[in-house]
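The primary structure of each chain is shown beneath.
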Amino acid sequence: MKYYRVDFKPLEKYTLGNEKGTVYSENGKASRNSYYISSNLLPDQTTILGALRYVVLRENGLLNTDYSYGGKKNEVSDMIGDRSFCFLSDQAQDFGKIKSISPVFLWDGTEIYIRNPFCNTAKASYIPMEMRGPILTSKGEIHLPVDSEAGYKAKNGYAQGYISLSMKVRNDIFHKTVIVGNQIAKDGGKAVEDGFYKREVVDMDDDFCFSVYLKAEDDIFSKSDIAPSIVYLGQKGAAFSISFTKTTEEDSNLEKKVEEAFRNSDACWYYALSDLFFRDDIRVGEFAIMEEKYVRNIETKLFGDETYMNKRGKKQRMNLIARGSVFYNEAPELAVDQNCINIGYNSIVKLGGLK
């Protein structure tokens, strides 16, 4: 196997679509739930997987933008699998020579940054909120945060921004602005009725990029050294440079790095390093701070013997718990979903309590 750190650096302002403003099919018609199109700060794991599958085909001379593959179905399937990720698949999913992807993190050239754990009360380091209890309730014994500057202040909300593994907090990596537009008919005619929209665009600090660790088969690329290139992500296809840096299995263990960085804290919290997908109700134990997230992902699959068919399926909304969410003293009961784990979802690490 080979291991890479894959860096995605935005070359312009971008919009990474989310549930708000998403266009999807309903009763055979295109629907939009809001005229205001908001943007995620980070790409979803499904977006990263899609970009990597695209690059693998391109670097191996198999990419056809018209999705017509003239009998090359088996070659394409061997490289990237015969369909993209499906949250509700009951079978093990295979993505060819792409074996696993880590959760997305931020990289400034020297340090890893992850989303600030919601339990953090410090402005420039990591100090988890003070808890009190246990308190006996109808649900059993629970702990609650202390109402103090060292505990939790509801008016201040939970921690925001990003934190490095050397415990530096940054709240200035991303900046959002809003642009306005009016959707035009595909045939170049008049503006579409009710086509007015507002769209958030995100500007990322030039020192940073999005990164993942990639585990892949040795012959994933036709060349031994992969030169930086361009991919287009999100709404309006914003340009991102993509580069591959060879690393090792040990160095690409993001979960271990995060646990080691936070191990000196006495308090024990479990932290969502990635977004969490759950099919059934999730039990969270004594106390948790969670943020909801909704996803409608695009699916593609091989169709027939000759064609790679781009099948867009955004109708079904998936409910996730957002990265950064925290659980006090006890990890949430989350059914093992190896498909999710393989592309960087459902990663929970222990912060503190390791001494």
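Notes on the structure in this doc start here. Once a new chain begins, its residue numbering starts again from 1 and follows that chain's sequence as written. Reporting of local features is limited, given that this is a predicted model, to residues whose pLDDT is at least 70; pairs of side-chain atoms are given and counted only at 80 or more, and all residues count toward the totals for whole chains, interfaces and linings. Side-chain measures here rest on the full set of heavy atoms in the structure, leaving out hydrogens and waters.

Here the focus is the nonpolar core. Put simply, a nonpolar core is a bunch of buried Ala, Val, Leu, Ile, Met, Phe, Trp, Tyr and Cys residues held in one set by side-chain atoms that sit within 4.5 Å of each other. Burial classification: accessible surface area is computed with a 1.4 Å probe over protein chains only, and a residue below 20% of its type maximum counts as buried, one above 50% as exposed, and the rest as partly exposed. One finds Phe8, Leu52, Leu106, Phe174, Phe210 and Phe244 to be the most contacted residues of the largest nonpolar core, which totals 51 residues. In terms of residue count, helix 1 (residues 45-59) provides more of this core than any other element does, seven residues in total. A contact between two residues is defined here by any heavy atoms of the two lying within 4.5 Å. For phenylalanine 8, the residues in contact, after removing those within four places along its chain, are Ile48, Ala51, Leu52, Cys209, Phe210, Val231, Leu233, Phe240, Ser241 and Ile242. By size, the runner-up hydrophobic cluster in this structure holds 27 residues, among which are Ile112, Met167, Ile289 and Leu351. Comment: elements are numbered from the N terminus, with helices defined as DSSP H or I runs of at least four residues and strands as E runs of at least two.

A few words on a nonpolar patch on the surface. The patches described consist of residues with a relative accessible area above 30% and no salt bridge, like charges being joined within 9 Å and nonpolar side chains (Val, Leu, Ile, Met, Phe, Trp, Tyr) within 5 Å. With residues, only the protein chains shown are counted as cover, and all accessible areas are computed by Shrake-Rupley using a 1.4 Å probe. The rule for a salt bridge is simple: a side-chain nitrogen of Lys or Arg has to be within 4 Å of a carboxyl oxygen of Asp or Glu. Taken together, Leu11, Ile230 and Tyr232 make up a surface patch of nonpolar side chains, about 320 Å² in accessible area. Looking at where leucine 11 falls in the secondary structure, it is placed in the loop between strand 1 (2-10) and strand 2 (16-17).

Here we come to helix 1. Because an α-helix packs 3.6 residues into every turn, residues spaced three or four apart end up facing the same way. To estimate the expected span of a helix, count its residues, drop one, and scale the result by 1.5 Å. Spanning 15 residues, helix 1 covers 21 Å between terminal C-alpha atoms, matching the ideal 21 Å at 1.5 Å per step. In terms of residue burial, helix 1 counts as a mostly covered element, since 11 of its 15 residues are buried. Those residues of helix 1 that fall on the buried side of the exposure criterion are Gln45, Thr46, Ile48, Leu49, Ala51, Leu52, Arg53, Val55, Val56, Leu57 and Glu59. Residue glycine 61 follows helix 1 closely and has a positive phi angle near 65°.

Here we take up the side chain of asparagine 339. Tracing the backbone shows asparagine 339 in helix 4 (residues 338-342). Discounting chain neighbours no more than four positions away, the residues touching asparagine 339 are Phe85, Ser89, Gln91, Ala92 and Gln93.

As a further point, take the sheet that holds strand 20 (residues 276-277). Sheet strands pair via backbone hydrogen bonds, and the direction of the pair is either parallel or antiparallel. Strand order in this open sheet of three strands is 20-25-22, and the pairing throughout is antiparallel. Two strands lie at the open edges of the sheet, namely strand 20 and strand 22 (292-295), each paired on one side alone. The pairing criterion is simple: DSSP has to find at least two bridges between the two strands. Strand direction decides the pairing type here: strand 22 and strand 25 (residues 318-321), joined by four bridges, are antiparallel. The residue of strand 25 that forms the bridge with lysine 293 is leucine 320.

What follows covers the packing of aromatic side chains. Working definition: rings of Phe, Tyr and Trp (its six-membered ring) pair if their centres are within 6.5 Å, and the pair is stacked with planes under 30 degrees apart, edge-to-face with planes over 60 apart, and tilted otherwise. Taken as a whole and assessed by the stated rule, the structure comprises 18 aromatic pairs. Seen from their ring centres, phenylalanine 174 and phenylalanine 210 are 6.3 Å apart, and the 15° between their planes marks the pair as stacked. Of this pair, phenylalanine 174 sits in strand 14 (residues 174-184) while phenylalanine 210 sits in strand 16 (residues 209-216); the two residues are 36 residues apart in sequence, bridging distant segments of the chain. Judged on exposure class, the residue phenylalanine 174 and its partner phenylalanine 210 are both buried. Taken together, the ring pairs connect Tyr14, Tyr162, Phe174, Phe210 and Phe240 into an aromatic cluster.

Before going further, it helps to examine the sheet that holds strand 19 (residues 269-272). With antiparallel pairing, the four strands of this open sheet are ordered in space as 21-26-19-27. For this open sheet the edge positions go to strand 21 (288-289) and strand 27 (348-351), each flanked by a neighbour on one side alone. Here strand 21 pairs with strand 26 (residues 326-328) via two bridges, running antiparallel. By the bridge assignment for strand 26, alanine 288 is matched with phenylalanine 327.

Going through the model one piece at a time under the given rule, you end up with 18 salt bridges. When the shortest N-O distance is used, the salt bridge between glutamate 330 and arginine 283 registers 2.7 Å. On the criterion of sequence distance, the pair formed by glutamate 330 in the loop between strand 26 and helix 4 and arginine 283 in the loop between strand 20 and strand 21 is long-range, its members being 47 residues apart. What makes arginine 283 partly exposed here is its relative accessible area of 41%. Within the structure, one salt-bridge network assembled from shared partners comprises Asp94, Lys97, Lys99, Glu217 and Asp219.

Function cannot be inferred from these measures alone, as they are strictly geometric.
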